Amino acid sequence: MLPTGGKGTTMRDKLTVILDMDPTPARGVFEECLSEDGDFEVLGAGEEYADLLVRELAPDGGEAQLEAVADMVARRGEREVFLTAPVYDAEVLMRLMRQGVREFFPQPVNHEEVRMALWRFKERREAALGPKRSKQGRIVSIFGAKGGVGTTSLAVNLAAACQTHKPGATVALMDMNLPFGEAQLFLDIAPKYHWGEVLGNISRLDATYLMSVMSRHPSGIYLLAPPSRLDDLQMATPENISRLLELMRQVFDTVVIDLGMYLDEITLKVMDISDAIVLVCVQNLPCLANVRRFLDNIRHADSGLEEKLKIVVNRHLDESDLVVEDMEKALGLPVFWRVPNDYKTTLAAINQGKTLLETAPRAPVTRSLGDLAATLAPVQTAEEAKKPLFGLKFLRGRS
Ligand SMILES: Nc1ncnc2c1ncn2[C@@H]1O[C@H](COP(=O)(O)OP(=O)(O)OP(=O)(O)O)[C@@H](O)[C@H]1O
Ligand SMILES: [Mg+2]
């Protein structure tokens, strides 16, 4: 039961939730969504106060049950009440909503609807706390010097590693390979939406809309897939892509972008906005030649991109006709990272639609990518973590 008046927001880091429900499938969906979202803590039975109460109505509860709900809603204060029921009467539902129930979920409860309702709840909580200080998440772009060098493998596994090394972090993976992005296959998910639609609706773009089009992978990363039809690219201008990325960095701690291997005005714009550009190559002469051409292009454009460029040699072999030291001499630039060669392990992960952290957490290739992720997207210092951020960390200390 919610107390009358009483405490405001707690001293906890997380938003608290009471699930006033039997162990039904509906409860399972709520538990799943709440645990996927790092900002919530489900309180045990017997706790009296929570930021959110989710109650399941019994089919045979009658008028007494509705009165109890009305009473609870009337005394909710700052708290919110969500309801779910296996059967319901539209008129009764309207009445409860007018009385102040915030969301209602018919059963079977839809996972996506709960995820979005929780997201909206967080947004309302944040808005109530005054103007928000947005995040400045890091954008890390992965660009291939050539096809097949491992750009998508690196993008997917770096995103997964960023999620793991920063507990509670929000990480997005944006696939910009056109027209056929493969990140969704690497993660074995079937996205319903793509960023072409977002750009087509750019005037209504906000955090809630953005979250509704992203697909969540069980590892916790959010994927934004590319359009697979050229018709959907009409709004793909550098300006619109910039708007989208600026919003993404306000919502996510880290945004990893699989940029593919084509240089055009959009990829250049993305590189311009990025905090780090990973240029993936392997130890062969065509790749070396392409890295040189890439450098010529960005130097010629005097774009300031070179300072954030990180040359990464993937599939690294100590013994090769072309050793890294010779590549560095030829380029006049240091190689930033060497990712060990492990075709079997990387291919097995791709074919299973899983990340390397899931299939081979201890393999040298996985560890190397984990360390690279930690270098490219370092964990915040304790001081930084205390700053008011979108992820609701700022609830700490309010009373
Ligand atoms: N570190 C590695 N060691 C060995 N093989 C690797 C490594 N990283 C990726 N590969 C292999 O390289 C192949 C191509 O990988 P991936 O699809 O990620 O490359 P890509 O550059 O994105 O290709 P495309 O140009 O088709 O988009 C895969 O078979 C993968 O197993
Ligand atoms: Mg690829």
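Residues numbered from 1 in each chain as written. Chains lettered and ligands numbered in written order. Predicted model: local features only at pLDDT ≥ 70, side-chain atom pairs only at ≥ 80, totals over all residues. Heavy atoms only, no water.

Engineer: Hey, could you run me through the site of ligand 1 in this one?
Structural biologist: Around ligand 1 lies a shell of 19 residues, among which Gly148, Thr152, Ser153, Asn314 and Asp342 are the nearest. In this structure, Asp342 approaches ligand 1 through a main-chain N or O atom, which is 2.8 Å from a nitrogen atom. One nitrogen or oxygen atom from the main chain of Leu347 is found 3.4 Å from an oxygen atom belonging to ligand 1. Contact with the protein chains removes 84% of the 630 Å² of surface that ligand 1 exposes when unbound. Residue contributions to the shell around ligand 1 peak at four residues, all from helix H13 (residues 343–352). (Near = heavy atom within 4 Å. Polar contact = N/O pair within 3.5 Å; in protein donor to acceptor, adjacent residues only side chain to side chain. Areas by Shrake-Rupley, 256 points an atom, 1.4 Å probe, with all protein chains shown as cover. Helix = DSSP H or I, 4+ residues; strand = E, 2+ residues; numbered from the N terminus.)

Engineer: What am I meant to see in the nonpolar core here?
Structural biologist: It is characteristic of soluble globular proteins that their nonpolar side chains tend to be buried jointly. Counting 92 residues, the largest nonpolar core has Trp195, Leu210, Leu244, Met248 and Phe252 as its most contacted members. A total of seven residues in this core trace back to one element, the largest contributor, which is helix H5 (residues 151–165). Apart from the residues lying within four places of it in its own chain, the contact partners of Leu210 are Leu205, Leu224, Leu244, Leu247, Met248, Val251 and Phe252. Formed by 19 residues, the second largest nonpolar core is a distinct cluster that contains Val17, Met21, Leu34 and Leu52. (Core = buried A, V, L, I, M, F, W, Y, C linked by side-chain atoms within 4.5 Å. Buried < 20%, exposed > 50% of the residue type's maximum accessible area, 1.4 Å probe, protein only. Contact = heavy atoms within 4.5 Å.)

Engineer: What is the right way to read the environment of Asn290 from this model?
Structural biologist: Mapped onto the elements, Asn290 comes out in helix H11 (residues 285–300). Classification of Asn290 as partly exposed rests on a relative accessible area of 21%. Residues Asn290 and Glu63, 227 residues apart in the sequence, show an inter-C-alpha distance of 73 Å. If we skip the residues at most four places from it in the chain, Asn290 touches Ala145 and Lys146.

Engineer: Explain the domain arrangement of the protein chain to me, please; I cannot follow it from the model alone.
Structural biologist: When the parts of a complex come together, some accessible area is lost, and that lost area is often taken as the interface size. Here the domain parsing of the protein chain yields domain 1 (15–131) and domain 2 (138–379). Opposite the seven residues of domain 1 that make contact, domain 2 presents nine residues. At the boundary of domain 1 with domain 2, total buried surface from both sides reaches about 750 Å², with 56% on carbon and sulfur atoms. Counting the contacts that link domain 1 with domain 2 gives one salt bridge. Its salt-bridge partner being Arg216, residue Glu36 comes within 3.8 Å of it at the nearest N-O pair. In terms of residues, the side of domain 1 that touches domain 2 owes the most to one element, helix H4 (residues 111–128), which gives six residues. Here the side of domain 1 that touches domain 2 is built from residues that sort into two nonpolar, no polar and five charged. (Domains from an automatic or database assignment. Buried area = accessible area lost by both parts, 1.4 Å probe. Salt bridge = Lys/Arg side-chain N within 4 Å of Asp/Glu carboxyl O. Nonpolar A, V, L, I, M, F, W, Y, C, P; charged D, E, K, R; others polar.)

Engineer: Just checking my understanding: could you explain the pairing of strand E7 (residues 171–175) for this structure?
Structural biologist: A regular strand places its side chains so that they alternate between the two faces of the sheet. Among the five residues of E7, five are classified as buried, and the element is accordingly described as predominantly covered. Burial of E7 is two-sided: the residues Val171, Leu173 and Asp175 facing one way and the residues Ala172 and Met174 facing the other way are all buried. Bridging between E7 and strand E10 (residues 254–258) involves five bridges; their strand directions are parallel. Paired with Asp175 across the two strands is Asp258, which belongs to E10. Pairing analysis gives three bridges linking E7 to strand E9 (residues 222–224), with the strands arranged parallel. The residue of E9 that forms the bridge with Leu173 is Leu223. (Pairing = 2+ DSSP bridges.)

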